[in-house]
Amino acid sequence: MADAPAPWQATVLSLFPEMFPGPLGHSIAEKARLAGRWSLKTLDIRDFASDKHRSVDDTPFGGGSGMVMRPDVVDAALAAVEDVPGRRIYLSPRGVRFDQTMARELADGPGVVLLCGRYEGLDQRVIDARGLEEVSLGDFVLSGGEIPALALLDACIRLLPGVLGTAATLDEESFEEGLLEYPLYTQPREWNGLSVPEVLLSGHHAKIAKWRREQSEEITRERRPDLWERYRGSDK
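Bear in mind that the values here come from a model prediction, so they are computed numbers and not experimental data.

1. So, a nonpolar patch on the surface
Okay, step 1: A surface patch of nonpolar side chains, about 490 Å² in accessible area, is lined by Phe-16, Met-19, Leu-137, Phe-140, Leu-142 and Ile-147.
Okay, step 2: When you line up the elements, Ile-147 lands in helix 5 (residues 146–157).

Written out as structure tokens, the structure is:
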């Protein structure tokens, strides 16, 4: 009998490891973890500080407000997971934008190691020395990398084999084909004087597919012109 595949491994380095698994400890993600489809390991960065105060930050050279995470402490934490598989990602507002394509790339790999920043950020030297990938959830600033890490993991976990529905179901979701998802309807057929579009009740699969594609294109064109231009370019 063949051995069961190794679970997708999520490793998180944080000053607040108690924030994990957080929402990932519920619903689909937790069922998948209990089924052995993914695993979670957290490390407290403070455990790698060398002084009695467990200091992990200091003032920035050159002046400025706030504090900076020390490279020696963070490097020691990263050294502790050198043998753990997966790309090394530092959650940072200046990073490349996380998207569905990256989620699929990460889900197709053995796992991911996530470093959650705090304060004003991380000393550049450890970013360079460790070749950390900087990844951003969007054009806004949060108090730390823990919430982006949870969102990134959720996006990846639901793509793991056997976690969520069929491949066809996943392919119809927003961003999978470069478009936003079409409108969804369910029972009752009539609600507050509003009806379900007749085409969805027709049973004509080709017409339904055409309607959904048109709706996706219209919504994407109106709400996300950046995605629409990219989609039109790929279509050409």
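2. Thoughts on the pairing of strand 1 (residues 8–14)
Okay, step 1: Across the 7 residues of strand 1, 6 count as buried, placing the element largely inside the fold.
Okay, step 2: The pairing of strand 1 with strand 2 (residues 38–44) spans 7 bridges and is parallel. Residue pairing across strands places Gln-9 opposite Ser-39, the latter belonging to strand 2.
Okay, step 3: Note: strand 1 against strand 6 (residues 111–116), 5 bridges, orientation parallel. Each bridged residue has a counterpart across the sheet, and for Thr-11 the counterpart in strand 6 is Val-113.

3. A short note on the environment of Trp-38
Okay, step 1: If you trace the backbone, Trp-38 turns up in strand 2.
Okay, step 2: Residue classification places Trp-38 among the buried residues on the basis of a relative accessible area of 1%.
Okay, step 3: Along the primary structure Trp-38 and Leu-160 are separated by 122 residues, whereas in three dimensions their C-alpha atoms are 8.4 Å apart.
Okay, step 4: Contacts of Trp-38, omitting those with residues within four sequence positions, involve Pro-7, Trp-8, Ala-10, Leu-24, Ala-29, Ala-32, Arg-33, Ile-157 and Leu-160.
Okay, step 5: From its side chain, Trp-38 meets the backbone oxygen of Ala-29 in a polar contact 2.8 Å long.

4. Details of the environment of Gly-138
Okay, step 1: Inspection of the secondary structure puts Gly-138 in the loop between strand 7 (133–136) and helix 5.
Okay, step 2: Under the relative-accessibility criterion, Gly-138 is labelled buried at 5%.
Okay, step 3: Between the alpha carbons of Gly-138 and Pro-148 there is a distance of 9.2 Å; along the sequence they are 10 residues apart.

5. Concerning the sheet that holds strand 5 (residues 87–97)
Okay, step 1: Overall, parallel pairing links the 5 strands, which are arranged 2-1-6-5-7 in an open sheet. Among the strands making up the open sheet, the edge pair consists of strand 2 and strand 7. Within this sheet the neighbouring strands show an average axis-to-axis angle of 30°, counted without direction.
Okay, step 2: Two strands pair when backbone bridges link them, and strand 5 and strand 7 are joined in this way by 5 bridges, in the parallel orientation. The residue bridging Ile-89 from the neighbouring strand is Glu-133, located in strand 7.
Okay, step 3: Helix-sheet contacts for helix 3 (residues 100–107) involve strand 1, strand 5, strand 6 and strand 7, and the interaxial angle to strand 5 is about 175°.

6. Here we look at the packing of aromatic side chains
Okay, step 1: This structure, assessed with the given rule, holds 1 aromatic pair.
Okay, step 2: A centroid spacing of 5.5 Å and a plane angle of 35° characterise the contact between Trp-228 and Tyr-231, whose relative ring orientation is tilted. On the criterion of helical spacing, the pair formed by Trp-228 and Tyr-231 is a turn pair, its members being 3 residues apart in helix 8 (residues 225–235). Grouping residues by exposure puts Trp-228 and Tyr-231 together as buried.
Okay, step 3: Sitting over the ring of Trp-228, Arg-221 keeps its end group 5.1 Å from the ring centre.

7. Side note on the pattern of salt bridges
Okay, step 1: One pass over the structure, following the stated rule, counts 16 salt bridges.
Okay, step 2: Measuring nitrogen to oxygen at the nearest pair gives 3.0 Å for the salt bridge that ties Glu-82 to Arg-130. With Glu-82 in the loop between helix 2 (71–79) and strand 5 and Arg-130 in helix 4 (residues 124–130), this residue pair connects regions lying 48 residues apart in the sequence.
Okay, step 3: Arg-130 gets classed as partly exposed once you look at its relative accessible area, which sits at 25%.
Okay, step 4: The network of salt bridges with common partners includes Asp-44, Asp-47 and Arg-54.

8. Details of helix 5
Okay, step 1: Compared with the 16 Å implied by 1.5 Å per residue over 12 residues, the 16 Å span of helix 5 between its first and last C-alpha is a close match.
Okay, step 2: Burial of helix 5 is extensive: 9 of the 12 residues sit out of reach of the surface.

9. A short note on unusual backbone geometry
Okay, step 1: Residue Pro-21 is bonded to the preceding Phe-20 through a cis peptide linkage, with omega at 5°.
Okay, step 2: Among the structural elements, Pro-21 can be located in the loop between strand 1 and helix 1 (27–34).
Okay, step 3: The residue after Gln-187, namely Pro-188, is reached through a cis peptide bond having omega 0°.
Okay, step 4: Locating Pro-188 in the fold gives a position in the loop between helix 6 (167–171) and strand 8 (190–191).
Okay, step 5: Notably, Ser-27 is not glycine yet its phi reads approximately 55°, a positive angle.
Okay, step 6: Along the chain, Ser-27 turns up in helix 1.
Okay, step 7: The backbone of Tyr-119 shows a phi angle near 60°, a positive value even though the residue is not glycine.

How each quantity is defined
Residues numbered from 1 in each chain as written. Predicted model: local features only at pLDDT ≥ 70, side-chain atom pairs only at ≥ 80, totals over all residues. Heavy atoms only, no water. Patch = residues over 30% accessible without salt bridge, like charges linked within 9 Å, V, L, I, M, F, W, Y side chains within 5 Å. Areas by Shrake-Rupley, 256 points an atom, 1.4 Å probe, with all protein chains shown as cover. Salt bridge = Lys/Arg side-chain N within 4 Å of Asp/Glu carboxyl O. Helix = DSSP H or I, 4+ residues; strand = E, 2+ residues; numbered from the N terminus. Buried < 20%, exposed > 50% of the residue type's maximum accessible area, 1.4 Å probe, protein only. Pairing = 2+ DSSP bridges. Contact = heavy atoms within 4.5 Å. Polar contact = N/O pair within 3.5 Å; in protein donor to acceptor, adjacent residues only side chain to side chain. Axes fitted to C-alpha atoms, helices over the stretch in contact; angles between N-to-C directions. Phe/Tyr/Trp six-rings, centres within 6.5 Å; stacked < 30°, edge-to-face > 60°. Lys NZ or Arg CZ within 6 Å of the ring centre and 35° of its normal. Expected span 1.5 Å × (residues − 1).

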